[in-house]
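# Chain and residue survey
Listed below are the residues making up each chain.
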There are 4 protein chains.
Amino acid sequence: MTTKAPHKIAILGASGYTGAELVRLISTHPNMEIVALGANSKAGLAMAQVFPHLRHLNLPVLAKIAEIDFSDVDLCFCALPHATSQEVIRDLPKHLKIVDLSADFRLRDPAEYTRWYGGEHAALDVQAEAVYGLTEFYRDEICTARVVAGTGCNAATGQYALRPLIAAGVIDLDNIIIDLKTGVSGAGRALKENLLHAELSEGAHAYAAGGTHRHLAEFDQEFSLIAGRDVRVQFTPHLIPANRGILGTVYVHGDPEIIHQTLVDAYGDEPFVVTLPMGDLPSTRHIRGSNYCHIGVTADRVNNRATIVVALDNLTKGSSGQALQNANLMLGEDEATGLMLAPVFP
Amino acid sequence: MTTKAPHKIAILGASGYTGAELVRLISTHPNMEIVALGANSKAGLAMAQVFPHLRHLNLPVLAKIAEIDFSDVDLCFCALPHATSQEVIRDLPKHLKIVDLSADFRLRDPAEYTRWYGGEHAALDVQAEAVYGLTEFYRDEICTARVVAGTGCNAATGQYALRPLIAAGVIDLDNIIIDLKTGVSGAGRALKENLLHAELSEGAHAYAAGGTHRHLAEFDQEFSLIAGRDVRVQFTPHLIPANRGILGTVYVHGDPEIIHQTLVDAYGDEPFVVTLPMGDLPSTRHIRGSNYCHIGVTADRVNNRATIVVALDNLTKGSSGQALQNANLMLGEDEATGLMLAPVFP
Amino acid sequence: MTTKAPHKIAILGASGYTGAELVRLISTHPNMEIVALGANSKAGLAMAQVFPHLRHLNLPVLAKIAEIDFSDVDLCFCALPHATSQEVIRDLPKHLKIVDLSADFRLRDPAEYTRWYGGEHAALDVQAEAVYGLTEFYRDEICTARVVAGTGCNAATGQYALRPLIAAGVIDLDNIIIDLKTGVSGAGRALKENLLHAELSEGAHAYAAGGTHRHLAEFDQEFSLIAGRDVRVQFTPHLIPANRGILGTVYVHGDPEIIHQTLVDAYGDEPFVVTLPMGDLPSTRHIRGSNYCHIGVTADRVNNRATIVVALDNLTKGSSGQALQNANLMLGEDEATGLMLAPVFP
Amino acid sequence: MTTKAPHKIAILGASGYTGAELVRLISTHPNMEIVALGANSKAGLAMAQVFPHLRHLNLPVLAKIAEIDFSDVDLCFCALPHATSQEVIRDLPKHLKIVDLSADFRLRDPAEYTRWYGGEHAALDVQAEAVYGLTEFYRDEICTARVVAGTGCNAATGQYALRPLIAAGVIDLDNIIIDLKTGVSGAGRALKENLLHAELSEGAHAYAAGGTHRHLAEFDQEFSLIAGRDVRVQFTPHLIPANRGILGTVYVHGDPEIIHQTLVDAYGDEPFVVTLPMGDLPSTRHIRGSNYCHIGVTADRVNNRATIVVALDNLTKGSSGQALQNANLMLGEDEATGLMLAPVFP
């Protein structure tokens, strides 16, 4: 049994789904203790009132952020809406390590931020020091970072399929299509008509089609950086009647066997990203509730075309699990600590 | 009120989903009367025992096909499994008009049938006279046909998006990707582990990827015929947790405005196929239970790329509704008779 | 073909689920024409924008109620929220026949209205003339009524099981338990956190337990009236992850065979209410989208106890289908006109 | 870090849902090691082929039971079908501790076994020594037992609500109704038509109504034992479209406040069974994937009537989690070890 004191953790935005998922994951982490939960409209409530599934835990009452004493806190997760997040983080004490789950610190270029999200960025100095949080590709920088910017859940999905292939130069950069099928929890707990059960169940639709989804900004930044030239993928997300999970179907031009081997090599030592045997394809139901990401490759009958299918849980590997994985690195823990939970099926 | 006698209808394979859907649709058709229901293992049962939702109807008891008296029957729907269907239809009386819902008479080339479905075809003469049943494109032939071969539900979905575009020469024939999200009823009432609720709900996966799905045979036949050259699309179907509905996302190279206008022109007079305003995209929940097909087009940010999204109900416009539309034509009825039911939402 | 002019119909509250369901049903009614659609916040929109599943219909644009010309209208459906409905109906022209789907005119006793719904009733004279709209039991009054008050969907479910039994005196009036499992569309299109897909799917919970649900007011009024003494049932509704359908499980003390026979006798001539053979129990999936109500009875192993299970579609037989059935009677049509649509399964 | 060797565990019936759930839970247990996985038709396969969600684990290949070497095994979970289980367990080495998840050893009276399950029992001596596995009520016996019989998942649900109340004599024993809403995984992975997604989703139905469900045998045995007289409850299970979770609504005659206080007192020190504040009612979605059981009580408007609502996950607290909790006790571990996982929501 370890004798060192647990890391003291604050979670801001604890009344949303990613905040609750952080609490769920940390609840069995051996070396973390949640000492503060920040919320806004729900300040004053017990977590059990906001999320009854967490009622067995002994947790701090939800508090307004301004009323939280951060002096003892080691690391703060910010699960706030974008734009709000930058204003909050700008004013947090500088001794804090921060893992931000919003979009505010993902883009390196302030002009790109403004183009995709609108408005001036309120914390450019923090943006300048933030490290992009796709763990497997920024591990070294994350270990020494003060601020890590969690990726978009859709952006993570596409990148797991494509980053090694772009880096290895084995696919045509001008013919990349990412077709995503995403569960509804990715849209958060907001009251929107299209998220009602009666509207969403028993159907499917595309949204933000035609190159308008904001996670494209991450694809553009990251893929262009790797390729050393501008890369502009096509990306269509679809909403399907499931709570968790993103299934990404990625269409590329290239040799299927080489593509598969490139992914096998890239992820061979990773604890959470698994390349399936050639021809096997993953399902979101087999990574539900876990930090695992399954990738499959199949050859198309059309010569030199491959289809890559990626599955991850948007709330875990796509956001809160990723955030905890990064926090582990920032705090000197093994990155898999608290994250080895098996998927929940059925 | 019409005074003519109703057309006498038989339905073989009445214990499956497409058979039940035919009964549902015909139950409010003003000029059709169901006089025989064929089944095999369930012969002897009342339809109410096999499909309790039809218990309010006065229907014939399910009978073995060999015991049905076809002498008075005008038109017979065959909703039997492929391979079985050809053997049954081969031996049916020749005075019967036939709408077959299986794959047995969709392919003109016997070699293609053998390649995709295996085995020798048992009714080549019927195959030779059968008309492909995509109503909007074979209307004249269907009116005078004795045997019409209903299309695959996935095959119908892709063709509604692509036929007018290929015919007009406005897209690149070597870069066509069809990504389908299909409801589970398309797989029928068979007892398969992956169709169990606990396996299928709360998730999504690709199947028959890489160019192995049999409906590709229809794409190849039809698109090549229109184009006057071989066309080989990429096609990946996905199973999602919904009972009804296929959402097809079709990626093409071409001018989005021209593509949209081509579809508007092609379907302007059609009663069931609707092209939405430019940029609007359909949802399967808005065609559920109906014979309508909604098509939307959006321009991608990548130059000269368009995304076309098609939604139809696999059991209605994708099979039984289409079959009834064709039967109406074959019997001299208005093709929309009995099919103007509004979608059921929510 | 009939030569008489169709009845001219207005629907107020057309942007909600019951309003849309009325449009769906009326769209294939041979003798009704929708001439006005009233909405409030969505006035000015086309119905296709609010409910894309109705885009194939040629419908009036949504209009503010104050701007509707009712002079030609024969019958007006009011699918407005309670409290609003009474204020609107109070001011409608008196030549109009009205079918109200809200709770405003269901209770005969103004004190009971105030007790359950709060506030003074704003249209007591209309309340005084309104007929309770459970068609099978108020048919004669409905035929001659100017205003009919549609029942609560839960209230209808319980009454179909119990009214004949209370009338026949075959059950113990002090031991009646109604346990309902209801689909989410009954809660309407309101933006509430507990109606989000991510909150509601994959689970079940009781709500308004302990005798607080407002539909109890209808049970109290109707059952006491039939029994000639106060009857107070126990009633617990539960929300389950389905869009449509209410399954009512009703526990009573009495002889199961006599109970079954009483229901068989009561509904033997009804077009929409079906008593299943003794021991058979219904499912909501077999009445989905239809105006049918299926009732089953089973004997418990405990002596003199029976369980009655009722299934109906809350949007159809529970509200809009019932409303149309009543409107048919009020307009001199056969009550089943436009309502013989078969359930949609699967 | 502990230095003692982990307990060596075998799981028979590893290809079913409860077997897979055992593997999931044990995968993060600090003191257990799975050394054998038994299956029958799937022997020879890797667990990753049968349950891809477990592919990250290093597990033994599935083996036929006869080929498993039990000499080193400390404890064996049997997740086999009833009837099969007794034949297998009869022949297992006697040094093995056994937790059986089937119905074979739940009933003390062989005549009752034969009455409810049919046939002669093949291992009466094992039956004689088996302890009923409802942990909170048989904890002392379980600690020293060699064989523990896991309860039925429905039986557990009803007992958590009722045992303390019967023991305390605060409810009328002749008026107890248990109305259950259960998720589909409780029916297992068997290929049955009514478990298909297209059959089950979007609906609800009662099954085994009228006192025929086999879990009644457990209610009868346990409740009569506690009461010291025969107790015969009414019990109706319903299948709803959710994978996991049982919601039990229990109707009793008694004082609601006393009932609530009795449950609060009974479960005050329990790690997994939680009585909510008076009037709060639980939801299955808030215990999903966990070993927690939430109980709520509400007073009915009818005097001296209370409604108790219980929620647990049938695969966890209802079977595999309960089994692990019992195994912990039998092996001298803290009973909560490996079971403190938070529920997965949404």
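What you see is a predicted model, and the numbers here were worked out from it, not measured in a lab. (Residues numbered from 1 in each chain as written. Chains lettered and ligands numbered in written order. Predicted model: local features only at pLDDT ≥ 70, side-chain atom pairs only at ≥ 80, totals over all residues.)

### With respect to the overall build of chain A
Counting secondary structure elements, chain A contains 11 helices and 14 strands. A globule of 346 residues ought to have a C-alpha radius of gyration of about 20 Å, and chain A, at 20 Å, matches this closely. When its C-alpha atoms are laid out on the principal axes, chain A stretches across 60 × 45 × 40 Å. Within chain A, the proportion of its 346 residues that are buried is 62%. Put simply, of all contacts in chain A between residues at least 6 apart along the chain, 69% involve residues at least 24 apart. (Helix = DSSP H or I, 4+ residues; strand = E, 2+ residues; numbered from the N terminus. Rg over C-alpha atoms; globule rule 2.2 N^0.38 Å. Buried ≥ 20, exposed ≤ 12 C-beta atoms within 10 Å, placed from the backbone. Contact = placed C-beta atoms within 7 Å.)

### Details of the interface of chain D and chain A
If you look at the interface, chain D gives 28 residues, while chain A gives 27 residues. For the side of chain D that touches chain A, the per-class residue count stands at 16 nonpolar, nine polar and three charged. (Nonpolar A, V, L, I, M, F, W, Y, C, P; charged D, E, K, R; others polar.)

### Overview of the sheet that holds strand E14 (residues 305-312) of chain D
Residue and element names in this part refer to chain D. Pairing is mixed across the open sheet formed by seven strands, whose spatial order is E9-E10-E8-E11-E14-E13-E12. With one partner strand each, in any of the chains shown, strand E9 (205-206) and strand E12 (273-275) form the two edges of the open sheet. In this structure, strand E8 (residues 177-182) lies alongside strand E10 (residues 234-239), joined through six bridges in parallel fashion. Note that in E10 the partner of Thr182 across the bridge is Leu239. (Pairing = 2+ DSSP bridges.)

### Quick notes on the relation of the copies chain A and chain B
Once chain A is rotated about the relating axis by 180° and shifted along it by 0.0 Å, it coincides with chain B to within an RMSD of 0.0 Å. Given the turn and translation reported, the copies of this chain are related as if by a two-fold rotation axis. Among all C-alpha atoms of chain A, that of A:Pro241 lies closest to the rotation axis, at 3.2 Å. (Least-squares fit on C-alpha atoms with pLDDT ≥ 70 in both.)

### Quick word on the sheet that holds strand E4 (residues 75-78) of chain A
Residue and element names in this part refer to chain A. The strand order across the open sheet formed by seven strands is E3-E2-E1-E4-E5-E7-E6, and the pairing between neighbours is parallel. Of all strands in the sheet, those with a lone pairing partner are strand E3 (62-63) and strand E6 (131-132), marking the two edges. Here helix H1 (residues 17-26) sits on the sheet and contacts strand E1 (7-12), strand E2 (32-38) and E4; the angle it forms with E1, its principal contact strand, is near 160°. Contacts between helix H11 (residues 316-330) and the sheet are confined to E4, strand E5 (97-100) and strand E7 (147-149), with E5 contributing the most and set at about 160° to the helix. (Axes fitted to C-alpha atoms, helices over the stretch in contact; angles between N-to-C directions.)

### Focus on the domain arrangement of chain A
Accessible area lost during the coming together of the parts is what is often quoted as the interface size. Residues and elements named next belong to chain A. Domain annotation for chain A reports domain 1 (7-129) and domain 2 (153-313). The centre of domain 1, based on its C-alpha atoms, is set 27 Å off from the matching centre of domain 2. Taken residue by residue, the interface counts nine residues in domain 1 and seven residues in domain 2. Considering every element that reaches the side of domain 1 that touches domain 2, the biggest residue donor is helix H4 (residues 110-117), with three residues. Partitioned by chemical class, the residues of the side of domain 1 that touches domain 2 number five nonpolar, one polar and three charged. (Domains from an automatic or database assignment.)

### Examining the packing of helix H7 (residues 153-168) of chain A against helix H10 (residues 256-267) of chain A
Residues and elements named next belong to chain A. The geometry of H7 relative to H10 is characterised by a closest axis approach of 9 Å and an angle of 105° between their N-to-C directions. In this view, H7 runs roughly perpendicular relative to H10, as classed from their interaxial angle. Taken together, the residues of H10 that come into contact with H7 (itself represented by Pro164, Leu165 and Ala168) are Ile259, Thr262, Leu263 and Ala266. By residue class, the composition of the contact of H7 with H10 is six nonpolar, one polar and no charged. (Parallel < 35°, antiparallel > 145°, perpendicular 65-115°, else oblique.)

### A closer look at the environment of B:Tyr267
Residues and elements named next belong to chain B. Residue position: Tyr267 is located in helix H10 (residues 256-267). The partly exposed category is assigned to Tyr267, around which 18 C-beta atoms lie within 10 Å. In this structure, the C-alpha to C-alpha distance between Tyr267 and Ile295, residues 28 residues apart in sequence, is 9.9 Å.

### Section: the relation of the copies chain D and chain A
The relation between the two chain copies is a rotation about an axis coupled with a shift along that axis. The transformation that overlays chain D on chain A combines an axial shift of 0.0 Å with a rotation of 180°, and the residual RMSD is 0.0 Å. By residue overlap, the copies meet face to face through one surface: 96% of the interface positions of chain D are interface positions in chain A.

### Observations regarding the nonpolar core
Grouped together as the largest cluster of nonpolar side chains are 463 residues, with contacts concentrated most on A:Ile11, B:Ile11, C:Ile11 and D:Ile11. Not counting the four nearest positions on each side in its chain, B:Ile11 is found in contact with B:Gly19, B:Leu22, B:Val23, B:Ile34, B:Leu37, B:Gly38, B:Phe77 and B:Ala79. (Core = buried A, V, L, I, M, F, W, Y, C linked by C-beta atoms within 7 Å.)

### A look at helix H6 (residues 135-144) of chain D
Within an α-helix, residues lying three or four positions from one another point in the same direction, as the helix has 3.6 residues per turn. All names here are of chain D. Along H6, the positions that sit buried rather than exposed are Thr135, Glu136 and Ile142. Buried residues along H6 cover an arc of 60° about the axis, so they all sit on one side. Of the exposed residues in H6, the ones pointing more than 90 degrees away from its buried face are Asp140 and Thr144. As for H6, its buried residues are in contact with strand E6 (131-132), strand E7 (147-149), E12 and helix H11 (316-330). (Arc of directions from axis to C-beta.)

### Some remarks on the environment of A:Gly169
Residue and element names in this part refer to chain A. Mapped onto the elements of the fold, Gly169 is located in the loop between H7 and strand E8 (177-182). Overall, the presence of 11 C-beta atoms within 10 Å leaves Gly169 in the exposed class. Through-space distance from the C-alpha of Gly169 to that of Ile259 is 9.8 Å; in sequence the pair is 90 residues apart.

### Remarks on the packing of H7(A) against helix H9 (residues 216-227) of chain A
Residue and element names in this part refer to chain A. For the pair H7 and H9, interaxial distance at closest approach is 10 Å and the crossing angle is 15°. Classified by the interaxial angle, the pair formed by H7 and H9 is roughly parallel. The handedness of the crossing between H7 and H9 comes out as right-handed. From H7, Ala155, Gly158, Gln159, Leu162, Arg163, Ile166 and Ala167 reach across to H9, where they touch Glu218, Phe219, Glu222, Phe223, Ile226 and Ala227. Along the lines of polarity and charge, the residues of the contact of H7 with H9 split into eight nonpolar, two polar and three charged. (Left-handed = near helix turned anticlockwise from the far one by under 90°.)

### Side note on the interface of chain A and chain B
In this complex, chain A contributes 39 residues to the contact, which on the side of chain B involves 39 residues. Breaking the side of chain A that touches chain B down by element, the ones donating at least two residues are E8, helix H8 (197-200), strand E9 (205-206), strand E10 (234-239), strand E11 (246-253), strand E13 (293-299) and strand E14 (305-312) of chain A. Looking at the side of chain A that touches chain B residue by residue, the class counts come to 15 nonpolar, 14 polar and 10 charged.

### What about the environment of A:Thr316?
Residues and elements named next belong to chain A. Positionally, Thr316 belongs in helix H11. Once the C-alpha coordinates of Thr316 and Asp300 are considered, the two residues, 16 residues apart in sequence, prove to be 31 Å apart. Discounting residues that sit within four places of it in the chain, Thr316 has contacts with Glu21, Gly289, Ser290, Asn291 and Gly321.

### Description of the pairing of strand E10 (residues 234-239) of chain B
Residues and elements named next belong to chain B. Judged by how many residues are buried, E10 sits mostly within the fold: six of six residues are covered. Residue alternation in E10 divides its side chains into two sets, Gln234, Thr236 and His238 and Phe235, Pro237 and Leu239, and both sets are buried. In terms of strand pairing, strand E9 (residues 205-206) meets E10 through two bridges, oriented antiparallel. Across the sheet, His205 pairs through a bridge with Leu239, a residue of E10.

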